[in-house]
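# Observations on the model geometry
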Amino acid sequence: MEISENLKSKVIIVADTDPKLVVDIVSSLKKEGYFNIKIAKDGKKVYDHLRPYYEEPEEVGLIIIGENLPLCNVNEMCITMSNFEGGILVPFIILQSDENNVDTSGLRNNNSYTKGVIHSIKCPLDFSAFPLVVGFQLLMNYERFLRYKQEDRLINELAERKVVDARLKYLVVHDELTSLLNRQNFERRLRLVLKRNNRLHQNGGLLFIDVDLFSLINELEGFDVGDRLLVEIVAIINKLTNKGDLFSRIGSDEFCLFLDNRSAAEIVRFAEKIRKDIYEARLFIGDACYCTSVSIGISGQNTRKAVYHPGEMISRARQACIIAKESGRNMIKEYNEEHARVQERDRDIYWVPLIRNALVEGKLFLVYQPIVNLVNGDISHYEALIRMRGLDNEIISPIDFIPVAERIGLIHRIDLWVIEQAIDFLAALPPKMSQTSLAINLSSVAFQDSSLLPTIKEKLELSWVDADRITFEITETVAVDKVEQTRELITKIRALGCKFALDDFGAGFCSFNYLKSFPVDYIKIDGQFIRNLVNDDTDQVLVKSMVEVAKKLGKKTIAEYVETPGAIHKLREIGIDFGQGYLFGKPQMKLLSKTKISLTGLIKREGKTKNNHPKIDTDKKTFIR
Ligand code: C2E
Ligand code: MG
Ligand code: MG
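Residues numbered from 1 in each chain as written. Chains lettered and ligands numbered in written order. Predicted model: local features only at pLDDT ≥ 70, side-chain atom pairs only at ≥ 80, totals over all residues. Heavy atoms only, no water.

Turning to the sheet that holds strand β12 (residues 332-334), a few remarks are in order. Taken together, the five strands give an open sheet; going across it, the order is β7-β8-β6-β11-β12, and neighbouring strands pair in mixed fashion. With one partner strand each, in any of the chains shown, β7 (246-249) and β12 form the two edges of the open sheet. The average angle at which neighbouring strand axes cross in this sheet is 15 degrees, direction not considered. Where strand β6 (residues 204-211) lies against strand β8 (residues 254-260), seven bridges are found, and the strand directions are antiparallel. Each bridged residue has a counterpart across the sheet, and for L206 the counterpart in β8 is F258. Packed on one face of the sheet, helix α10 (residues 223-240) meets β6, β7 and β8 and runs near 170 degrees to β7. Helix α12 (residues 310-326) contacts β6, β8, β11 (294-301) and β12 of the sheet and is inclined by roughly 145 degrees relative to β11. (Pairing = 2+ DSSP bridges. Helix = DSSP H or I, 4+ residues; strand = E, 2+ residues; numbered from the N terminus. Axes fitted to C-alpha atoms, helices over the stretch in contact; angles between N-to-C directions. Contact = heavy atoms within 4.5 Å.)

Three or more residues of helix α14 (residues 398-408) are buried, namely P398, F401, I402, V404 and A405. Of the residues flanking the start of α14, the one acting as N-cap is S397, its side-chain oxygen 3.0 Å from the backbone nitrogen of I399. Phi turns positive one or two residues past the end of α14, at G409, with a value near 80 degrees. (Buried < 20%, exposed > 50% of the residue type's maximum accessible area, 1.4 Å probe, protein only. Polar contact = N/O pair within 3.5 Å; in protein donor to acceptor, adjacent residues only side chain to side chain.)

Now for the packing of aromatic side chains. All chains considered together, the criterion is met by seven aromatic pairs. Plain terms: the ring middles of Y522 and F578 are 6.0 Å apart, the flat faces sit at 70 degrees to each other, and that makes the pair edge-to-face. Of the two residues, Y522 sits in strand β19 (residues 522-525) while F578 sits in strand β21 (residues 578-580), which places them 56 residues apart along the sequence. Each member of the pair Y522 and F578 is classed as buried. Grouping aromatic residues by their ring pairs yields a cluster made of F447, F472 and F500. Positioned above the aromatic ring of Y582, the side-chain terminus of K586 is 4.6 Å from the ring centre. (Phe/Tyr/Trp six-rings, centres within 6.5 Å; stacked < 30°, edge-to-face > 60°. Lys NZ or Arg CZ within 6 Å of the ring centre and 35° of its normal.)

Moving on, we come to the coordination of the magnesium ion (ligand 3). Those donors, D503 (OD), D504 (OD) and E560 (OE), are the protein atoms that reach the magnesium ion (ligand 3), and they lie 1.7 to 2.3 Å from it. Each donor residue of the magnesium ion (ligand 3) belongs to the same chain, with the gaps between them written as D-D-x55-E. Separating the magnesium ion (ligand 3) and the magnesium ion (ligand 2) is a distance of 4.1 Å, and D503 donates to both of them. With D503 in strand β18 (residues 499-505) and E560 in the loop between β20 (556-559) and α21 (565-574), this residue pair connects regions lying 57 residues apart in the sequence. (Donors = N, O, S within 2.8 Å, 3.2 Å for Na, K, Ca; no water.)

All right, on to the site of ligand 1 then. Lining the immediate surroundings of ligand 1 are 27 residues, of which R387, N441, D503, E563 and Y582 lie closest. Contact between ligand 1 and E563: a nitrogen atom at 2.7 Å from a side-chain N or O atom of the residue. Y582 places a polar main-chain atom, nitrogen or oxygen, 2.8 Å from an oxygen atom of ligand 1. Considered on its own, ligand 1 offers 790 Å² of accessible surface; in the complex 91% of this is hidden by protein. Broken down by secondary-structure element, the contributors of at least two residues to the shell around ligand 1 are β14 (379-389), α14, α15 (411-427) and β18. Take the shell around ligand 1: its biggest share by element is four residues, from β14. Counted by class, the shell around ligand 1 contains 12 nonpolar, five polar and 10 charged residues. (Near = heavy atom within 4 Å. Areas by Shrake-Rupley, 256 points an atom, 1.4 Å probe, with all protein chains shown as cover. Nonpolar A, V, L, I, M, F, W, Y, C, P; charged D, E, K, R; others polar.)

Further remarks concern the packing of helix α16 (residues 452-463) against helix α17 (residues 483-496). Two elements in contact, α16 and α17, have axes separated by 11 Å at closest approach and are oriented at 5 degrees. On the basis of their axis angle, the class for α16 and α17 is roughly parallel. In contact with L452, L453, I456 and K457 of α16, α17 contributes L489, K492, I493 and L496. Partitioned by chemical class, the residues of the contact of α16 with α17 number six nonpolar, no polar and two charged. (Parallel < 35°, antiparallel > 145°, perpendicular 65-115°, else oblique.)

So, to be careful, I would describe these as geometric facts and stop short of saying anything about function.
Right, dumping it as structure tokens:
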């Protein structure tokens, strides 16, 4: 029987009142290489020896104890210390003297005794066999310890998985902060209600409620206050609703409330009551008192002109809500088809000449943002992002002009311009940067353009840029109805050597479906899950499950909106491969001069800054209402 050095270093306590016996035992053990031996004359001393190992009982290998040891009840000590359930598992060898045998019947019936954790041995000892018994006890104990640890780990994993499963199940239908229906479930139920109402000629109406200046509250007071405020607002609205109404949180500060079986006038009155109650409420959060207001858009279900699709109804109410905001906030507006069309047309009339002009006069340009390997800090590649110069040379965000360009059909020209520009940029880099690669965003209609594939092919051939230096980013709005055609084109472009990324993953409702449908190399997890990841358990659960799925499918993951060092920590813990965000670098016209970012440097810097709230970029329109 081979006893490892590790086992020989375990503590062995020899406790007996007979000094000769103790000396003989100790020397026979030392001869076998056991060196961590402690001696005790009574029970109190045994406990003294054990105390330092309270946190790591596995360090105690064995207690050899005389059955008549004073200041303790040996039977009791053996039973408690060798108790399996608590995980404290110290085996015993009880030395039985010839005379005055202690009554051990209670001990013999004990579980530990029958399992061999407690072993009794008659004196005088046979020192040729004794070390074998000791070695056997140590080995057995070590195996038990490993098994216990393994079981413990499995139980923890199982418990964790159960919690995650339960939360995911809950999240499938609810919003975690407010316990309201989430958008998906709301839409599902609304569809049924709309159908029933159409059949029964019953009216209802949808309120789209948006908290005014919520982003400012978040920014100034922190996310905790923002969250509490939302909960308070929900409580006010909940008091007014009826049983059949459907109430949902569909965006960070956006709520939808479907009022069933009400006339148009009743719905407006109801909306007015919500607006007034929230405006007049004083919301106490901590020591501070807050006042806030909401803008409400209404889309009525007038069954004379049936609306079947919940998305359509939400979109109408939302448009009305935007008008309420633009008209000064704390207002209610009803959707009016004419009004909405006029607004959109006005917007297009303003933008179309600007975009055309930008294309002709070279007022479009690209900026580049680094994407960083979260394991070693290497800059993996850059994302090319488009910008436009306006009439006063101001820089206009793609969020403002890309949707218009898509609507009016100018987007194909923009897509091709971006591809050509990005490949030219790579071709012009100095030889030492010949490995640098770029991600290029494609619009949602890019795949409907038959010149896309030939343009990419030709441009790559003429410029001598390796195709694997290009990754195309697509979003899930891409070709909803043309999945097959899109998949074919993606496959052809990948055959050239280019890679694909699924952008804004998780932001829509079909992300996982798209992942299944399109052969992509990366998934880019939408920034909304990342920016508050450190403080938000729900985001953590969701991001973990996205990473799990991505890993199973062999895709690499990229997190957008990495804004704080704390996020790096969390992302690395979760196992995300790459990060992109203002923390590593904002989009700029030039590439960074370095090829690596010191992740430890960034994390160290965090210790010096107190404020842990993610920074909010106030110059981004999306966050200011
Ligand atoms: P996207 O492809 O998801 O790009 C990421 C956006 O997040 C960029 O906004 C980037 O500036 C921003 N961003 C990056 N890191 C952070 C951060 O830490 N915090 C915050 N708050 N934002 C961060 P950008 O450049 O305004 O682009 C917006 C969207 O416009 C892009 O989203 C993309 O969908 C579209 N887009 C941009 N360039 C192009 C293009 O060349 N062609 C097409 N078709 N669409 C483009
Ligand atoms: Mg992108
Ligand atoms: Mg994105």
